[in-house]
Amino acid sequence: MRTHAQWGRGWKGRGQAEAPPADDAAGWFAGRLPDGWFTGAPDITVDREEILIVGELPALTDEFADDAARAAAESGRISRFREETREHRIEIARQAEHRYQRKVSWGARLGGTEELFTTQSVPVMTRLRQPERLVLDTLVDAGVARSRSDALAWAVRLVGQHAEEWLGELREAMSKVDELRREGPDLG
């Protein structure tokens, strides 16, 4: 299983308990997911609020007239997977949510199509000075976003797309720091 950033060790805010570590989530899901759901190990992404599992479905064997027909077939196969596995996914999610104290979301990938279902949309509070607010307002006024919230989400996605390599290196460095902390002396 490929896992992405393992977060959840930071401060969550006043009155909110810290979620337990999810360092073993890839192993837990490897043992818990039914054989045959995915062609290989799913991607598992963990943050403070959510665990997202996205797996590759078996390839389509039919011939298609064009790319649009293939994309429709891929979307249909993903939809079928979603319906056929719903009850089982709910049970697995319930167990994982109890274990890791995070919501569990699902997705599937087939060919060039990826669909996420039941994903979380979590509010994030921030304070912006006027120059940053003007950027958001420009995006709203230009019709790029419906609201400041949408504009901020759009900007974060754009940064993520263009800085993925740097963000990956940063996550790797942070994981190394966490590992060194665990190996260090217990000063408690």
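Residues numbered from 1 in each chain as written. Predicted model: local features only at pLDDT ≥ 70, side-chain atom pairs only at ≥ 80, totals over all residues. Heavy atoms only, no water.

1. Quick word on unusual backbone geometry
Going by this rule: Helix and strand definitions here come from DSSP, where helices need a minimum of 4 consecutive H or I residues and strands a minimum of 2 consecutive E residues; each element is numbered from the N-terminal end. For each residue, the accessible area found with a 1.4 Å probe, counting protein chains only, is set against the maximum for its type, and the residue is called buried under 20%, exposed over 50%, and partly exposed in between.
Of note in the backbone geometry, glutamine 101 takes a positive phi value of approximately 55 degrees without being a glycine. Turning to its location among the elements, glutamine 101 is positioned in the loop between helix H2 (67-100) and strand E4 (103-110). Phi angles above zero are rare outside glycine, and threonine 118 is one such case at about 55 degrees. Judged by its relative accessible area of 44%, threonine 118 is partly exposed.

2. Considerations on the packing of helix H1 (residues 25-32) against H2
Put simply, the test is: Inter-axis angles, ranging from 0 to 180 degrees, are taken between N-to-C directions of lines fitted to C-alpha atoms, where helices are fitted over the stretch in contact. Comment on the angle field: the value is read as roughly parallel under 35 degrees, roughly antiparallel over 145, roughly perpendicular from 65 to 115, and oblique elsewhere. Handedness of a crossing follows from how the near helix is turned relative to the far one, being left-handed for an anticlockwise turn of less than a right angle and right-handed for a clockwise one. Contacts are assigned to residue pairs that have any heavy atoms within 4.5 Å of one another.
As a packed pair, H1 and H2 sit with axes 12 Å apart at the nearest point and diverge in direction by 150 degrees. When the interaxial angle is binned, H1 and H2 end up roughly antiparallel. With respect to the hand of their crossing, H1 and H2 are arranged in right-handed fashion. Facing Ala25, Trp28, Phe29 and Arg32 of H1, the residues of H2 in contact are His88, Glu91, Ile92, Gln95, Ala96, Arg99 and Tyr100.

3. Looking at the nonpolar core
Note the following rule: Among the buried residues, those of types Ala, Val, Leu, Ile, Met, Phe, Trp, Tyr and Cys that are joined through side-chain atoms within 4.5 Å form a nonpolar core.
Core analysis: the biggest nonpolar cluster contains 25 residues, and Phe29, Leu33, Ile51, Ile53, Val104 and Trp106 have the highest contact counts within it. At the level of secondary structure, the elements contributing two or more residues to this core comprise H1, strand E2 (43-46), strand E3 (50-56), H2 and E4. If you tally residues by element for this core, the top one is H2, at 6 residues. Among residues more than four places away in sequence, those in contact with isoleucine 51 are Phe29, Ile44, Thr45, Val46, Tyr100, Arg102, Lys103, Val104 and Ser105.

4. Some points on H2
Since one α-helical turn is 3.6 residues long, residues separated by three or four positions face the same way. Using the following cut-off: Working rule for helices: expected span equals 1.5 Å times residues minus one. We define the bend at each residue as the angle formed by axes fitted to the 7 residues ending at it and the 7 residues starting at it.
The end-to-end C-alpha distance of H2 is 40 Å, clearly below the 50 Å that 34 residues give at a rise of 1.5 Å each. The largest bend in H2 is about 65 degrees, located at arginine 86. Looking at H2, one finds that the buried residues are Glu74, Ile78, Phe81, Thr85, Arg89, Ile92, Ala93, Ala96 and Tyr100. In this fold, the buried residues of H2 make contact with H1, E3, E4 and strand E5 (113-117).

5. Describing the pattern of salt bridges
As a reminder of what qualifies: Here, a salt bridge means any side-chain nitrogen of Lys or Arg that lies within 4 Å of a carboxyl oxygen of Asp or Glu.
Scanning all chains against the criterion turns up 13 salt bridges. Between glutamate 56 and arginine 109 there is a salt bridge whose closest N-O contact spans 3.2 Å. Residue glutamate 56 is located in strand E3, and its partner arginine 109 is located in strand E4; the two are separated by 53 residues in the primary sequence. Judged by its relative accessible area of 27%, glutamate 56 falls in the partly exposed class. Arginine 109 sits in the buried class, given a relative accessible area of 17%. A salt bridge links arginine 80 to glutamate 84, with the nearest nitrogen and oxygen atoms 3.9 Å apart. Separated by 4 residues within a single helix, arginine 80 and glutamate 84 lie in helix H2, roughly one turn from each other. A residue is classified by how much of its surface remains accessible, and arginine 80, at 44% relative accessible area, is partly exposed. Sharing partners across several salt bridges, the network here consists of Asp43, Glu56, Arg109 and Glu114.

6. So, the pairing of E4
How we decide: DSSP calls a pair of strands paired once it identifies at least 2 bridges connecting them.
Counting buried residues along E4, 7 of its 8 residues qualify, which places the element largely inside the surrounding structure. Sheet analysis places E3 next to E4, joined by 7 bridges and oriented parallel. What sits directly across from leucine 52, in E4, is serine 105. The sheet contact formed by E4 and E5 spans 5 bridges and is antiparallel. What sits directly across from leucine 110, in E5, is threonine 113. Following E4, the chain reverses through 2 residues before pairing antiparallel with E5; glycine 111 in that reversal takes a positive phi of roughly 60 degrees.

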